[in-house]
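What follows is the residue order along each chain.
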Amino acid sequence: MKQVMPVLAFLFAALLSQAQEPDAPQLYETARQFMRTGDWSNAVLLLNKALARDPGNAVYQKELALTYYYQRDFAKAKETIRPLIDREDADVQVFQIAGNIYKALEELKECDRMYKKGLKKHPASGPLYAEYGELLWMQKDNNCILQWEQGIQNDPNFAGNYYFAARFHYFTADKIWPLLYGEIFVNMESYTSRTAEMKTLLLEAYKKLYTPDPKGKPARTRNEFTEAVQAVLNQNNAVVQSGITTDNLVMLRTRFILDWQKEYAARFPFRLFEHQRQLLQEGLFDAYNQWIFEAAGNLAGYENWTRLNAAQYNEFTRFQKSKLFKMPPGQHYRNN
């Protein structure tokens, strides 16, 4: 009996030790807490322990690569993420993390190949098109716009591609698509620093639309949708002859929606114009235009407008926050 007692005590101590040792999910959750506070070293320590208990766990491995990236240990980040790229279950996030790592290492050719592989596996991923386009833009490769346009077509409710495409087209001879893509973007992403930037671009794009450019080049290819938009804008341009102001834009855009509805809405269904028409019917179109154009061109004037029109401003804000703006498939008329 005396010999049995030490053995039982040892077994009890071993079982107690195992019971107190956190399992892989617990280690992962604690690591996530360290990541949220920016304690990368402890996060790395615990994620490595989690992987030791559950080797090959893609979630832990992604988080470890991301933590190394935040820690600016890009070599270890690359070493950690590379095995995941070739796995059959590699998700979009794997390629996004890898893209950030390769860009940080300035391994742009490898990054290019990685994005192509990711898009082959996930051809409907708006984020991958956006980030691959950014990579090409960094290299001054104008094929970036092809990626952003493809992203809009394949994943029409990812806001990032509208943002990049609007900025790209603004600096070309194109006068219509910056307006359309920019306004779609501010409806999808309404309260960020990029929203404020895009509102300014929209205001400047309207000024550009009505500023004669003797060196301007006509569009290379005929686009029936764009021509229709331009035609309706042209037939109402008298209201902006005295300048591009918020009040004049409200009149221009009101007339545009009414004429578009009569002449082209059935032929070219377009969610943005339907949204504008709904705002017009709800009596909120003025507030909507103030939110875009007055806020961009005259912030003090916009704040004054909100004070003088508090009821309309509050109603518009409620409407905007209650409606999720989404573009349906099949309304990408860029190649029409």
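Values in this document were obtained by computation on a predicted structure and should not be read as measured data. (Residues numbered from 1 in each chain as written. Predicted model: local features only at pLDDT ≥ 70, side-chain atom pairs only at ≥ 80, totals over all residues. Heavy atoms only, no water.)

**Let's talk about the nonpolar core**
- Judged by nonpolar contacts, the single largest core of 100 residues is most densely connected at Phe225, Trp260, Phe270 and Phe273.
- The element that contributes the greatest number of residues to this core is helix α10 (residues 159-170), accounting for eight residues.
- If we ignore the near neighbours within four places in the chain, the residues touching Phe273 are Leu180, Phe225, Val229, Phe256, Ile257 and Trp260. (Core = buried A, V, L, I, M, F, W, Y, C linked by side-chain atoms within 4.5 Å. Buried < 20%, exposed > 50% of the residue type's maximum accessible area, 1.4 Å probe, protein only. Helix = DSSP H or I, 4+ residues; strand = E, 2+ residues; numbered from the N terminus. Contact = heavy atoms within 4.5 Å.)

**A short note on the environment of Lys262**
- Tracing the chain through its elements places Lys262 in helix α14 (residues 246-263).
- Residues Lys262 and Phe273 lie 11 residues apart in sequence; the distance between their C-alpha atoms is 12 Å.

**Section: the pattern of salt bridges**
- In total, this model carries 16 salt bridges according to the counting rule given.
- Of the charged contacts in the structure, one is a salt bridge between Lys117 and Asp86, with a shortest N-O distance of 2.5 Å. Linking Lys117 in helix α7 (residues 108-121) with Asp86 in the loop between α5 (74-85) and α6 (92-104), this pair joins segments that are 31 residues apart in sequence.
- Residue Asp86 is classed as exposed on the basis of its relative accessible area, which comes to 56%.
- The partner of Arg167 in a salt bridge is Glu197, and the shortest N-O contact between them spans 3.4 Å. (Salt bridge = Lys/Arg side-chain N within 4 Å of Asp/Glu carboxyl O.)

**Overview of helix α12 (residues 193-209)**
- The end-to-end C-alpha separation of α12 is 24 Å, in line with the 24 Å expected for 17 residues at 1.5 Å each.
- Taken as a whole, α12 has its buried residues at Thr195, Met198, Lys199, Leu201, Leu202, Leu203, Ala205, Tyr206 and Leu209.
- Taken together, the buried residues of α12 touch α10, α11 (177-188), α13 (224-234), α14 and α16 (285-297).
- The residue sitting at the N-terminus of α12 and contributing the capping side-chain oxygen is Thr192; that oxygen lies 3.2 Å from the backbone nitrogen of Arg194. (Expected span 1.5 Å × (residues − 1). Polar contact = N/O pair within 3.5 Å; in protein donor to acceptor, adjacent residues only side chain to side chain.)

**Here we look at the side chain of Glu63**
- With respect to the helices, strands and loops of the structure, Glu63 is situated in helix α4 (residues 58-70).
- Each residue touching Glu63, except ones within four places of it in the same chain, is listed here: Tyr28, Arg32, Met35 and Leu47.

**Description of the confidence of the model for the protein chain**
- Looking at the protein chain, the pLDDT average stands at 92 and 91% of residues meet or exceed 70.
- Taken element by element, the predicted model of the protein chain shows its lowest mean pLDDT in helix α1 (residues 4-20) (49) and its highest in α11 (98).
- Confidence drops under pLDDT 50 across residues 7-18; counting only partners more than four residues distant or on other chains, this segment forms zero contacts. (pLDDT = per-residue confidence, 0-100.)

**Considering the packing of α6 against α7**
- Across the interface, α6 lies against α7 with an axial gap of 9 Å and an inter-helix angle of 170°. Taken together, α6 and α7 sit at an angle that is classed as roughly antiparallel. Only Glu110, Cys111, Met114, Tyr115, Lys117, Gly118 and Lys121 of α7 make contact with α6, whose side of the interface consists of Phe95, Ala98, Gly99, Tyr102 and Lys103.
- Of the residues in the contact of α6 with α7, the class split is six nonpolar, two polar and four charged. (Axes fitted to C-alpha atoms, helices over the stretch in contact; angles between N-to-C directions. Parallel < 35°, antiparallel > 145°, perpendicular 65-115°, else oblique. Nonpolar A, V, L, I, M, F, W, Y, C, P; charged D, E, K, R; others polar.)

**Topic: the environment of Gln150**
- Residue placement: Gln150 occurs in helix α9 (residues 144-154).
- With a relative accessible area of 32%, Gln150 lands in the partly exposed category.
- As for Gln150 and Asn304, which are separated by 154 residues in sequence, their C-alpha atoms are 41 Å apart.

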